[in-house]
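Examining the three-dimensional arrangement
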There are 2 protein chains.
Amino acid sequence: MHVPIVPYGGATSIEGHTLAPHGGVCIDMSSMKKIKSLHVEDMDVVVEPGVGWIELNEYLKPHGLFFPLDPGPGATIGGMCATRCSGSLAVRYGTMRDNVINLQVVLPDGDVVKTGSRARKSAAGYDLTRLIIGSEGTLGVITEVTLRLQKLPSRSVVAMCNFQTVKDAADVAIATMHSGIQVSRVELLDEVQIRAINMANGKSLPEVPTLMFEFIGTEAYALEQTLLVQKIAAEHHGSDFVFVEEPNAKEELWKIRKEALWAGFAMEPDRQAMITDVCVPLSRLAECISVSKQLLDASPLTCLVIAHAGDGNFHTFILFDPSQEEEQREAERLNHLMVHTALSMEGTCTGEHGVGTGKMKYLEKELGMESLRTMKRIKAALDPNNIMNPGKLIPPHVCI
Amino acid sequence: MHVPIVPYGGATSIEGHTLAPHGGVCIDMSSMKKIKSLHVEDMDVVVEPGVGWIELNEYLKPHGLFFPLDPGPGATIGGMCATRCSGSLAVRYGTMRDNVINLQVVLPDGDVVKTGSRARKSAAGYDLTRLIIGSEGTLGVITEVTLRLQKLPSRSVVAMCNFQTVKDAADVAIATMHSGIQVSRVELLDEVQIRAINMANGKSLPEVPTLMFEFIGTEAYALEQTLLVQKIAAEHHGSDFVFVEEPNAKEELWKIRKEALWAGFAMEPDRQAMITDVCVPLSRLAECISVSKQLLDASPLTCLVIAHAGDGNFHTFILFDPSQEEEQREAERLNHLMVHTALSMEGTCTGEHGVGTGKMKYLEKELGMESLRTMKRIKAALDPNNIMNPGKLIPPHVCI
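None of these values were measured; they are calculated from a predicted model. Residue numbering note: each chain is counted from 1, following its sequence as written. Each chain gets a letter, beginning with A, and each ligand a number, beginning with 1, in the order they are written. In keeping with the model being predicted, local features are shown solely for residues with a pLDDT of at least 70 and side-chain atom pairs are shown and tallied solely at 80 or more, while totals for entire chains, interfaces and linings include all residues. Water and hydrogen atoms were dropped before computing side-chain values, which therefore reflect all heavy atoms in the structure.

Each helix corresponds to a stretch of at least 4 residues labelled H or I by DSSP, and each strand to a stretch of at least 2 residues labelled E; elements are numbered beginning at the N terminus. Counting its secondary structure elements, chain A contains 14 helices and 16 strands. Against the 2.2 N^0.38 benchmark of 21 Å for 400 residues, chain A shows a C-alpha radius of gyration of 21 Å, consistent with a compact globule. Once the C-alpha set of chain A is aligned to its principal axes, its extents read approximately 65 × 55 × 35 Å. Considering only contacts in chain A between residues 6 or more positions apart, those separated by 24 or more positions represent 69%. Computed with the Shrake-Rupley method and a 1.4 Å probe, the accessible areas treat only the protein chains shown as cover for residues. For chain A, the accessible surface area stands at approximately 14500 Å², while carbon and sulfur atoms represent 53% of it. Only four residue types enter the charge count, namely Lys and Arg as positive and Asp and Glu as negative; His and the chain termini do not. By convention, charge coordinates are those of NZ in Lys, CZ in Arg, CG in Asp, or CD in Glu. Across chain A, the centroid of the 37 positively charged side chains sits 5 Å from that of the 49 negatively charged ones. For a compact globule the rule gives 2.2 Å times the number of residues to the power 0.38, and the radius of gyration it is set against comes from C-alpha atoms. Any two residues whose heavy atoms approach within 4.5 Å are treated as being in contact.

Okay, here's the thing in structure tokens:
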């Protein structure tokens, strides 16, 4: 008998990665939370998969280092590898793909595989590290991770600017990227999201599309970049450009973005959120968000848009009552339309949340059957009995 | 009958990637050299595999963009993908792994696979893009590549500094990386390499270990970084720190590094070079080079060391006469000892040149048999008849 195995990390993923549609054994990785060895000089750290990224960063802080990915607060390093996560800092530091040096993985046959050395770059054989990152527990269980770390920046500036339209805001994000300025964060919040933040925090921010930036580096550099972006924003009808350098003021301003999701929930506390995640080539971002906003604004459901705009990646929170079948259907319809809009623009059905069970149905349109067949061949080669997290990532109709 | 297929790009690789140990058909990709579509706003370009990186950069220059990898001059984009190449700019922009958005690949069964969308990031399924990058033609033929581009920097500074020991020079490279300064290049040349450059160009540079830097960014930033590194160099007994900002002066200075290999050959024109390529965690670089230098300096053969020091990656050119069996054996002995030194320091047997036939024998020590077995399973799943570039990358003794 072949018993399915479902690895279970922080369980913050939202596409059904940790469901057990075929039953089986769930392996809770949360007790494997040792930080095994920190190499300050090499700027890397070896950890067990159950370590959370927030606790890791607390551990690293006294050493002047940090790990630059910031998904949901409960996420653990193993799960972040498995879903190829990213977050608001990916525009500067890349995604999980770019920040893992080596993995230890237990394959379905019990083989314990080391995917790399501890060198920062290597051309030694197939890139098993990257094959496991994003494989969502379907190829093996991650038991050790070597992460590349970054120096905590000596200076940072946080800035905010208002726009009359989402298109203007997206255009500024695009122009900023084109200018060669290395922002560390550029986040777009639509007017509904700002309204939610005002309601949740008793604030009175102008309820218009808003961009938030973070610039890091040396003192001269952070300020120089801020002023360049201020100029770009002004050229695109931006108003009320503010920037702060004082630590408490920065934290206060950035809190707005950090609490966006919770503010959204607080708007309609009896409803749940369906969260979509698409990513398009940068030039299509303004159009993709604008088209999506038309759909969303025409819906009876409340929808909030928030984007990692420098990567062309955006999310929508669609608030719906799961007990109302009609609302659930409407939420699904909106989600579906937005994914297809992104795919029609050479984009992806998921920028960072992964496939799980929720996005399987879009993979064929995005990548083609040949690509899915290749994935299934790899899966069958490494997991011939299909015991690792079955029913996820590869659509069931794919034949090899 | 199963006929081996050997894809052939610019043929600048040096580990035997394009040999045909089992005979077969060589597919010359050099006629597939169309630049298919440039997306300036998205900062990406779709090209055929036979396009050279130098001609691509000439094409991109008027658009203010460039592709930031700089291997040997004749290298083509397809081959650069296949060998997971990098070069001197990898310390700033990453390797081929980090700069390819999407591939089209013809698999051995004729399936034409699209590995991704044109979005900059995606969590949609197994990372087939990265699986193909570095697979050295053993999984399929790359027929189209979408590359991520970078903005040409508005300013750059080139600097040079001398040291009494290789260790001091390496330590400055390490300290620079730790300081959080984003160098775009940091190259270490040993005293033999500088002597070769003096001889080839009639120069009189001090024949001591030397570091060369490039800093890019805005005006204030490039200069600020230069001065910070000048300070670090002074703390490690660096002398004669010079930096130039004027375009001709920069080109003149950087030419020294660019012509290092040819200067090496010119030292002993009747000899060939065996070129090694290892990479270690940054903290071990000084020690790894020092240990290697002891071996090299004790050898009757002339050996030159040059390092992409910010990545912990270094090369040695060992000059030998291939008609003298003894010299060949000595060159192989040195190569072998250096690889083992790197492996004993948690490094890799190849930072950027790839495995081919030359480095196969070291993979088991570096990654373990379980890892090689996993690679072979993937190979067998996608190429059951072993027609794609057989006899490369996976050691013949690996059984699945």
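Moving on, we get to the packing of aromatic side chains. Here is the rule: rings of Phe, Tyr and Trp (six-membered ring for Trp) pair when centre to centre is within 6.5 Å. Planes less than 30 degrees apart are stacked, more than 60 are edge-to-face, and the remainder are tilted. This structure, assessed with the given rule, holds 9 aromatic pairs over all chains. Here Tyr221(A) and Tyr221(B) contribute two aromatic rings whose centre-to-centre distance is 3.4 Å and whose plane-to-plane angle is 15°, an arrangement assigned as stacked. On the criterion of chain membership, the pair formed by Tyr221(A) in helix H8 (residues 219–235) and Tyr221(B) in helix H8 (residues 219–235) is interchain, its members lying in two chains. Neither Tyr221(A) nor Tyr221(B) differs from the other in exposure class; each is buried. Buried means the residue's accessible area, taken with a 1.4 Å probe over protein chains only, is under 20% of the maximum for its type, while exposed means over 50%, and partly exposed covers the values in between.

A few words on the sheet that holds strand E4 (residues 44–47) of chain A. Strand pairing in a sheet takes place through backbone hydrogen bonds and is either antiparallel or parallel in direction. Residue and element names in this part refer to chain A. At least two DSSP bridges between two strands are needed for those strands to be called paired. The sheet built from 5 strands is open, its strands ordered E3-E4-E8-E6-E7 with antiparallel pairing. Of all strands in the sheet, those bounded by a partner on one side alone are strand E3 (35–39) and strand E7 (112–114). Pairwise comparison of adjacent strand axes, ignoring direction, gives a mean angle of 10° for this sheet. Bridge count for strand E6 (residues 100–106) against E7 is 3 bridges, and the pairing is antiparallel. From the neighbouring strand, glutamine 104 faces E7, where its bridge partner is lysine 114. Helix axes are fitted only over the stretch in contact, all axes being lines through C-alpha atoms; the angle between N-to-C directions runs from 0 to 180 degrees. Where helix H1 (residues 53–60) meets the sheet, its contacts fall on E3, E4 and strand E8 (141–148), and the angle it forms with E3 comes to roughly 45°.

All right, on to the relation of the copies chain B and chain A then. Between the two copies of the chain lies a relationship made up of a rotation around an axis and a movement along it. Rotating chain B by 180° and translating it 0.0 Å along the rotation axis places it on chain A, where the RMSD comes to 0.0 Å. Between the two chains, the operation in question is that of a two-fold axis. The share of interface residues of chain B whose copies in chain A are also at the interface is 100%, consistent with both copies meeting through the same surface. Least squares is used to superpose the copies, and the fit set is the C-alpha atoms of residues whose pLDDT is at least 70 in both copies.

A few words on the side chain of Thr210(A). All names here are of chain A. Structurally, the position occupied by threonine 210 is in strand E12 (residues 210–217). Identification of polar contacts relies on pairs of N or O atoms within 3.5 Å, with a donor-acceptor requirement for protein atoms, meaning one able to donate a hydrogen and the other able to accept it, and with residues adjacent in sequence counted only if both atoms are side-chain atoms. Reaching out from threonine 210, the side chain makes a polar contact with the side chain of asparagine 162 at a distance of 3.4 Å. If sequence neighbours within four positions are ignored, threonine 210 has contacts with Met160, Cys161, Asn162, Glu187, Leu188, Leu189 and Ile194.

Among the nonpolar cores identified, the biggest contains 191 residues, and Ile77(A), Met96(A), Ile77(B) and Met96(B) are the most heavily contacted of them. Setting aside residues up to four positions removed in sequence, Ile77(B) forms contacts with Val47(B), Pro49(B), Val51(B), Trp53(B), Leu56(B), Phe67(B), Met96(B), Val145(B) and Leu147(B). Among buried residues, the Ala, Val, Leu, Ile, Met, Phe, Trp, Tyr and Cys ones that are joined through side-chain atoms within 4.5 Å form a nonpolar core.

The next thing to look at is the pattern of salt bridges. Each salt bridge in this description consists of a side-chain nitrogen of Lys or Arg and a carboxyl oxygen of Asp or Glu lying within 4 Å of one another. Evaluation of the coordinates by the stated rule reveals 60 salt bridges over all chains. Lys121(A) is the partner of Asp311(B) in a salt bridge, and the nearest nitrogen-oxygen pair spans 3.6 Å. With Asp311(B) in the loop between strand E15 (303–308) and strand E16 (313–320) and Lys121(A) in the loop between E7 and helix H5 (128–132), this pair bridges two chains. Grouping residues by exposure puts Asp311(B) and Lys121(A) together as buried. With a shortest N-O distance of 3.0 Å, Asp42(B) and Arg118(B) are connected by a salt bridge. Placement of the pair is Asp42(B) in the loop between strand E3 (35–39) and strand E4 (44–47) and Arg118(B) in the loop between strand E7 (112–114) and helix H5 (128–132), with a sequence separation of 76 residues. Counted as one network, the salt bridges with shared partners bring together Asp42(A), Asp44(A), Arg118(A) and Glu346(B).

The subject of this paragraph is the sheet that holds E16(B). All names here are of chain B. An order of E13-E10-E12-E11-E15-E16-E14 is seen for the 7 strands of this open sheet, with the pairing classed as antiparallel. Two strands bound the open sheet, and with one partner strand each, they are strand E13 (239–244) and strand E14 (272–279). For this sheet the average axis-to-axis angle between neighbouring strands, irrespective of direction, equals 15°. Pairing between strand E11 (residues 185–189) and E15: 3 bridges, direction antiparallel. Bridge pairing links leucine 188 to alanine 307 in E15. Of the strands in this sheet, E11 and strand E12 (210–217) touch helix H6 (residues 166–178), which is tilted by about 20° from E12.

Turning our attention to the domain arrangement of chain A. Residue and element names in this part refer to chain A. The split into domains, and so the bounds of each, comes from an automatic or database assignment of domains. Along its sequence, chain A is organised into domain 1 (5–151), domain 2 (155–262) and domain 3 (268–344). Measuring from the centre of the C-alpha atoms in domain 1 to the corresponding centre in domain 2 gives 30 Å. Contact residues are listed per partner, giving 6 residues for domain 1 and 9 residues for domain 2. Both sides of the domain 1 and domain 2 interface together cover about 630 Å² of buried area, and 58% of this is carbon and sulfur. Two parts placed together each lose some accessible area; with a 1.4 Å probe, that loss summed over both constitutes the buried area. When the area that domain 1 buries against domain 2 is broken down by residue, the three leading residues are Ser88, Val91 and Arg92, summing to 70%.

A few words now on the interface of chain B and chain A. Across the boundary between the two partners, chain B contributes 86 residues, which contact 86 residues of chain A. Summed over both partners, the interface of chain B with chain A buries about 7100 Å², with 55% contributed by carbon and sulfur atoms. Where chain B touches chain A, the interface holds 10 salt bridges. Viewed at the interface, chain A and chain B are joined by 34 residue pairs in polar contact (both at pLDDT 80 or more). Those elements giving two or more residues to the side of chain B that touches chain A turn out to be helix H3 (90–93), helix H4 (96–99), E7, H5, H6, H8, helix H13 (360–367) and helix H14 (369–382) of chain B. The nonpolar class holds Ala, Val, Leu, Ile, Met, Phe, Trp, Tyr, Cys and Pro. Asp, Glu, Lys and Arg form the charged class, and all remaining residues, Gly among them, are polar. Looking at the side of chain B that touches chain A residue by residue, the class counts come to 31 nonpolar, 28 polar and 27 charged.

Here we take up the packing of helix H6 (residues 166–178) of chain A against helix H11 (residues 285–297) of chain A. Pairs of packed helices are described in terms of their axes, by the angle between the two and the distance that separates them. Residue and element names in this part refer to chain A. Direction vectors running N to C along H6 and H11 enclose 155°, while the axes themselves pass 8 Å from each other. Classified by the interaxial angle, the pair formed by H6 and H11 is roughly antiparallel. Remark: the crossing between H6 and H11 carries right-handed chirality. Packed against H6, whose contacting residues are Val166, Lys167, Ala170, Asp171 and Ile174, the element H11 presents Leu285, Ala286, Ile289, Ser290 and Lys293 at the interface. Looking at the contact of H6 with H11 residue by residue, the class counts come to 6 nonpolar, 1 polar and 3 charged. Small angles under 35 degrees read as roughly parallel and large ones over 145 as roughly antiparallel, with 65 to 115 read as roughly perpendicular and the rest as oblique. We call a crossing left-handed when the near helix sits turned anticlockwise from the far one by less than a right angle, and right-handed when that turn is clockwise.

Right, let's talk about unusual backbone geometry for a bit. Positive phi, normally seen in glycine, also occurs at Asn386(A), with a value near 50°. Here Asn386(A) lies in the segment after helix H14 (369–382). The phi dihedral of Glu346(B) is positive, around 60°, even though this residue is not glycine. Turning to its location among the elements, Glu346(B) is positioned in the loop between helix H12 (325–344) and H13. For Glu346(B), a relative accessible area of 40% corresponds to the partly exposed category.

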